[in-house]
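A structural walkthrough
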Amino acid sequence: PDHYEEDVSSILIPHGVIMDRIKKLARMIVDDSPGPLVVCCVLKGGHQYFADLVDEIKKLRRINGTSVQLSLEFIRVKSYMNDTSSGGVKISLTDAELQEFKGKNLLIVEDIIDTGATMVKLLDRLALVEPKSVRVTSLLIKKTPRSNGYIPDYVGFAIPDAFVVGYALDYNEYFRDLDHICVISVSCI
Ligand code: PRP
Ligand code: MN
Ligand code: MG
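The structure contained in this document is the topic of the report that follows. If you're wondering where the values come from, they're calculated on a predicted model, not measured in any experiment.

Close to ligand 1 lie 19 residues; Ser-79, Tyr-80, Glu-110, Thr-115 and Thr-118 are nearest. Gly-45 places a main-chain nitrogen or oxygen 2.9 Å from an oxygen atom of ligand 1. In the model, an oxygen atom of ligand 1 is placed 2.5 Å from a nitrogen or oxygen of the Thr-118 side chain. When the free accessible area of ligand 1 is taken as 500 Å², the share hidden by the protein chains comes to 95%. Judged by the proximity of its atoms to the pocket grid, ligand 1 belongs to the largest cavity. Listed by contribution, the elements that provide at least two residues to the shell around ligand 1 are strand S3 (70-80), strand S5 (105-113) and helix H5 (117-127). Here the shell around ligand 1 takes 5 residues from S3, the largest share from any one element. Across the shell around ligand 1, the residue classes break down as 6 nonpolar, 5 polar and 8 charged.

Let us look at the state of the cysteines. Counting across every chain of the model gives 0 disulfides. Considering cysteine sulfurs only, Cys-41 is the nearest to Cys-40, which forms no disulfide, with 9.1 Å between them.

Under the criterion given, the structure shown has 2 aromatic pairs. Taking the centre distance of 5.7 Å and the plane angle of 85° together, the rings of Phe-163 and Tyr-171 count as edge-to-face.

One finds Leu-53, Leu-139 and Leu-140 to be the most contacted residues of the largest nonpolar core, which totals 31 residues. Among the elements of the structure, helix H2 (15-32), strand S2 (37-43), helix H3 (47-64), S5, strand S6 (133-142), strand S7 (154-159) and strand S9 (181-184) are those that each provide at least two residues to this core. The greatest single-element share of this core, amounting to 7 residues, is contributed by H2. If we skip the residues at most four places from it in the chain, Leu-139 touches Ile-18, Ile-22, Tyr-49, Glu-110, Asp-111, Val-155, Gly-156, Phe-157, Tyr-167 and Ile-181.

Our next topic: the environment of Val-165. Structurally, the position occupied by Val-165 is in strand S8 (residues 164-165). Residue Val-165 is classed as buried on the basis of its relative accessible area, which comes to 0%. For the pair formed by Val-165 and Arg-176, sequence separation is 11 residues and the distance between their alpha carbons is 6.7 Å. With near-sequence residues (within four places) excluded, Val-165 lies in contact with Val-8, Asp-170, Tyr-171, Phe-175, Leu-178, His-180, Ile-181, Cys-182 and Ile-184.

We now examine H5. Three or four residues apart is the spacing at which side chains of an α-helix point the same way, because the helix has 3.6 residues per turn. All of the buried residues along H5 are Thr-118, Met-119, Leu-122 and Leu-126. Buried residues in H5, looked at end-on, bunch into an arc of 90°, giving them a common side.

In terms of residue burial, S5 counts as a mostly covered element, since 9 of its 9 residues are buried. With 5 bridges connecting them, S2 and S5 associate as parallel partners. Looking at S5, one finds that Leu-37 is bridged to Asn-105. Inspection of the sheet shows S5 paired to S6 by 8 bridges, in the parallel sense. Residue pairing for S6: Leu-106 is matched across the bridge by Val-134.

Reading the values: rules and limits
Sequence order as written defines residue numbering, which begins from 1 separately in each chain. Chains carry letters and ligands carry numbers; both start at the beginning, A for chains and 1 for ligands, and go up in the order they are written. Reporting in this predicted model follows two pLDDT cut-offs: at least 70 for local features of residues, and 80 or more for side-chain atom pairs to be given and counted; totals over whole chains, interfaces and linings ignore these cut-offs and use all residues. Based on all heavy atoms of the structure, the side-chain values leave hydrogens and waters out of the count. Being near a molecule or strand, for a residue, means having at least one of its heavy atoms within 4 Å of it. Pairs of N or O atoms are called polar contacts if they sit within 3.5 Å, as long as, within protein, a hydrogen donor faces a hydrogen acceptor (for residues adjacent in sequence, only side-chain-to-side-chain pairs). Here the accessible surface of atoms and residues is derived via Shrake-Rupley with a 1.4 Å probe, and residues count as covered only by protein chains that are part of the display. Think of a 1 Å grid over just the protein atoms. A cavity is a set of points where a 1.4 Å probe fits yet cannot get out, a pocket is an open set with protein on both sides within 12 Å along at least five of seven lines, and lining residues have an atom within 4 Å of a point. To qualify as sitting in a cavity or pocket, a molecule needs more than half of its atoms within 2 Å of the grid points. Each helix corresponds to a stretch of at least 4 residues labelled H or I by DSSP, and each strand to a stretch of at least 2 residues labelled E; elements are numbered beginning at the N terminus. Residue type decides the class: Asp, Glu, Lys and Arg count as charged, Ala, Val, Leu, Ile, Met, Phe, Trp, Tyr, Cys and Pro as nonpolar, and the leftover types, Gly among them, as polar. Two cysteine sulfurs form what is called a disulfide whenever their separation falls within 2.5 Å. Pairs were defined over the aromatic rings of Phe, Tyr and Trp, the Trp ring being its six-membered one, requiring ring centres within 6.5 Å. Orientation was assigned from the angle between planes: stacked under 30 degrees, edge-to-face over 60, tilted for the rest. In plain words, nonpolar cores are sets of buried Ala, Val, Leu, Ile, Met, Phe, Trp, Tyr and Cys residues tied together by side-chain atoms within 4.5 Å. Think of it in three bands: residues with accessible area under 20% of the maximum for their type are buried, residues over 50% are exposed, and the middle band is partly exposed, with areas taken using a 1.4 Å probe on protein chains only. Note on contacts: a residue pair qualifies if any of its non-hydrogen atoms lie within 4.5 Å across the two residues. Regarding the arc, it is the one traced by the directions from the helix axis to the C-beta atoms. Criterion used throughout: strands pair if DSSP finds at least two bridges between them.

Below, the structure written as structure tokens:
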């Protein structure tokens, strides 16, 4: 699409509201932290939330000295291919990479839980190497009858059953560069 503004029908969550919520999530996550955290970004959709969440955790450290050591990891997971249908969850993680998580306190950072299939598959895979603990944060969870019932530990917003883009969420790789979370126009799909 050449004209992004014409392809999104409405702003669902403005950027400022997202940032305010992330500040609160960062505080909750730090307060609960059992020790040093391995923060795992689920690419590609999770990258913006991951970046802003890590920033907010760093700010907390400067403000009140709350110190949680972070190491940063990136996992490529792809489920949705050419359109809005899932072609099976593909996790790009070698056995050597997986071993890095053994005995660590993991925080998985995801943009959205839709059906929940991606996260359940990823958690199954991670469980094989026995991390010390695994917690999950997702900026969004979709209220949909297609859900498998999975609910993450820290949720930013529960959203209606609509196709959303922006803030790193895509439709066919478009719209990741929008600041706000928007509902896509039916005319675009
Ligand atoms: C999207 C989204 C989540 C997943 C959620 O990823 O970023 O990872 O789908 O869907 P589910 O709960 O129904 O499994 P996608 O496969 O589109 O890859 P991307 O992050 O690279 O866009
Ligand atoms: Mn994703
Ligand atoms: Mg996608």
